[in-house]
Amino acid sequence: MDFSLNDEQKMMIETVRRFITEECQPLEDEVEEKGFFDQLKAQALHRKAKALGLYGMNMPEALGGGGLSNLDRILCEEQFGHTTDILIRRAFGNVYEPLLHCQGAQVERWLKPAVEGTRTCAITITEPGAGSDAAGIKTHAQKNDQGWVLNGAKHFISDGEWSDFFLVSAKTGEKEISMFMVDKGLAGFTVGKDQKMMGLRGTPHLELFFDNVQLDEACLLGEAGQGFKLAMGALNVVRLAQVGARAVGKATHVCELMVNWASERKQFNTRIGDFQMVQQMIADSVIEINAARWMVYHAAWMLDQGMDAREQIAMVKVQASETLGRVVDRAVQVFGGMGFCKELPIERYYRDARIYRIYDGTSEIHRGVIAKSAMKKGAVLFDVNR
Ligand SMILES: Cc1cc2nc3c(=O)[nH]c(=O)nc-3n(C[C@H](O)[C@H](O)[C@H](O)COP(=O)(O)OP(=O)(O)OC[C@H]3O[C@@H](n4cnc5c(N)ncnc54)[C@H](O)[C@@H]3O)c2cc1C
């Protein structure tokens, strides 16, 4: 068992950290204030990030991606947690793994442009009537001579405004779900309102409506009936990378600010960090962040070994997101009134953290998965054969 990072990994972390500190963090206040990210600034950020060779970092090098292992990707994602969602989306992209099922002409039409960053993609599973129950969707596609006719609606679709096409889950039979690549601008495809959120300012979350949208044959990703598997596979990695690792990064960032504040702020002629009750908040945060971090790394390592990490990732999703929630809550407390005041970003981190326990499977759903598995398998705490 080797817990060390090699020199290349350390250098990669340093490079990404510097990029986040120098290029992303200075843009945060403006995005927060305006509620959107300026298009020209987005293009400039994208160009600079591309020069690092980490755009589409999870995609094979042969396609122009970063070609990173799961663990290496997770190390970068952890650093991404140190800044705002929309800045990471524009800088490093979101190229979803199911796109690797593209074949023939699909490769040039959707996969390659997504990896190159010339076309942006969003994943659309959730509907007003189907969130946790992702198989309960009503959106459906009916086969016809020219391909498929898509009808239905989705909501909460992150990055929808910036996206050129969408991975859409749709019923193609009573119990069959398929995935389609749907280009923006097709007749009958309309984009609804941007659903304003408590946090993640700057990232649009859109409603989408499909009214008899004619899709050609090539729009079907993978095989008919494979859609649920593709969606769940994509979400599994998203949970680890964009939720687990980023939650650890965000919690680390907030904890660093909390420690600095506790070291400088004086009351009763004493640094507040010298009061034991404040120390407890710092200590608990440091312990929990480090525990969550190793869970994230371990799950990424399992994926790299070709192991089934679904259960581990469910545990990571709960542990990392709830750790972040506790850490930001303590940070507000340690900052006192300034933690609640908009003059400092602590209240923003508090708001931004709340969604981690909800999207990509709520804590309740993942606890259900973990408990069912524990009851089925028995030995869950430690098993040398795993
Ligand atoms: C900011 C944001 C961004 C998002 N981005 C995307 C996106 O890009 N693409 C996309 O497809 N979706 C996206 N979503 C949707 C997100 O994944 C869902 O909101 C999430 O899965 C929960 O579904 P729901 O909101 O319908 O809640 P519900 O499923 O209605 O759940 C409500 C409550 O009931 C509980 N509950 C439900 N079922 C069970 C159960 N079996 N056992 C115990 N408790 C249960 C839940 O845990 C929760 O507490 C986004 C949502 C938000 C808010």
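Calculation rules
Residues numbered from 1 in each chain as written. Predicted model: local features only at pLDDT ≥ 70, side-chain atom pairs only at ≥ 80, totals over all residues. Heavy atoms only, no water. Core = buried A, V, L, I, M, F, W, Y, C linked by side-chain atoms within 4.5 Å. Buried < 20%, exposed > 50% of the residue type's maximum accessible area, 1.4 Å probe, protein only. Helix = DSSP H or I, 4+ residues; strand = E, 2+ residues; numbered from the N terminus. Contact = heavy atoms within 4.5 Å. Near = heavy atom within 4 Å. Polar contact = N/O pair within 3.5 Å; in protein donor to acceptor, adjacent residues only side chain to side chain. Areas by Shrake-Rupley, 256 points an atom, 1.4 Å probe, with all protein chains shown as cover. Nonpolar A, V, L, I, M, F, W, Y, C, P; charged D, E, K, R; others polar. Expected span 1.5 Å × (residues − 1). Arc of directions from axis to C-beta. Phe/Tyr/Trp six-rings, centres within 6.5 Å; stacked < 30°, edge-to-face > 60°. Pairing = 2+ DSSP bridges.

1. Some words on the nonpolar core
- In this structure, Phe37 and Phe92 are the most contacted members of the largest nonpolar core, which totals 63 residues.
- Sorting the residues of this core by element identifies α1 (7–24), α3 (39–51), α4 (70–80), α5 (85–92), α7 (227–264), α8 (276–304), α9 (310–335) and α11 (346–353) as the ones contributing at least two each.
- The greatest single-element share of this core, amounting to eleven residues, is contributed by α7.
- Look past the residues within four positions of Phe37 in its chain and what remains in contact with it is Leu27, Val31, Ala42, Leu45, Ile86, Leu87, Arg90 and Trp162.
- Grouped together as the second largest cluster of nonpolar side chains are 44 residues, Tyr96, Phe166, Phe210 and Val213 included.

2. So, the site of the ligand
- The immediate surroundings of the ligand are formed by 18 residues, with Thr126, Ser132, Ser158, Thr362 and Glu364 found nearest.
- Thr362 places a side-chain nitrogen or oxygen 2.7 Å from an oxygen atom of the ligand.
- Protein chains bury 64% of the 980 Å² of accessible surface belonging to the ligand in isolation.
- Elements represented by at least two residues in the shell around the ligand include exactly β1 (121–124), β3 (147–158) and α12 (363–377).
- Counting residues per element, the shell around the ligand draws most heavily on β3, at three residues.
- Tallied by class, residues from the shell around the ligand come to nine nonpolar, seven polar and two charged.

3. Considerations on α1
- In this model α1 runs 25 Å from its N-terminal to its C-terminal C-alpha over 18 residues, within 8% of the 26 Å that 1.5 Å per residue would give.
- For α1, the set of buried residues is Gln9, Met12, Ile13, Val16, Phe19, Ile20 and Cys24. When α1 is viewed along its axis, its buried side chains cluster within an angular range of 125° and face the same direction. Those residues of α1 that are exposed and angled more than 90 degrees off the buried face are Asp7, Met11 and Glu22.
- Two or three places before Glu8, at the opening of α1, Asn6 has a side-chain oxygen 3.1 Å from that residue's backbone nitrogen.

4. Side note on the packing of aromatic side chains
- According to the stated counting rule, one finds ten aromatic pairs in the structure shown.
- With a centroid separation of 4.9 Å and an interplanar angle of 40°, the aromatic rings of Phe189 and Phe210 are classed as tilted. Of this pair, Phe189 sits in strand β6 (residues 189–194) while Phe210 sits in strand β7 (residues 205–216), and the two are 21 residues apart along the sequence. Neither residue differs from the other here; Phe189 and Phe210 are each classed as buried.
- Measuring from ring centre to ring centre gives 4.5 Å for Trp261 and Phe335, while their planes differ by 25°; the resulting arrangement is stacked.

5. Some thoughts on the pairing of strand β4 (residues 165–171)
- Burial analysis of β4 places seven of its seven residues in the buried class, which makes it a mostly covered element.
- Across the two faces of β4 the burial is the same, with Phe165, Leu167, Ser169 and Lys171 and Phe166, Val168 and Ala170 all buried.
- Pairing of β1 with β4 involves four bridges; the strand directions are parallel. In the strand pairing of β4, Ile123 is matched with Leu167.
- One ladder, built from seven bridges, connects β4 with strand β5 (residues 177–183); its direction is antiparallel. For Ser169, the partnering residue across the bridge sits in β5 and is Met179.
- Once β4 ends, the chain turns through five residues before running back antiparallel as β5.

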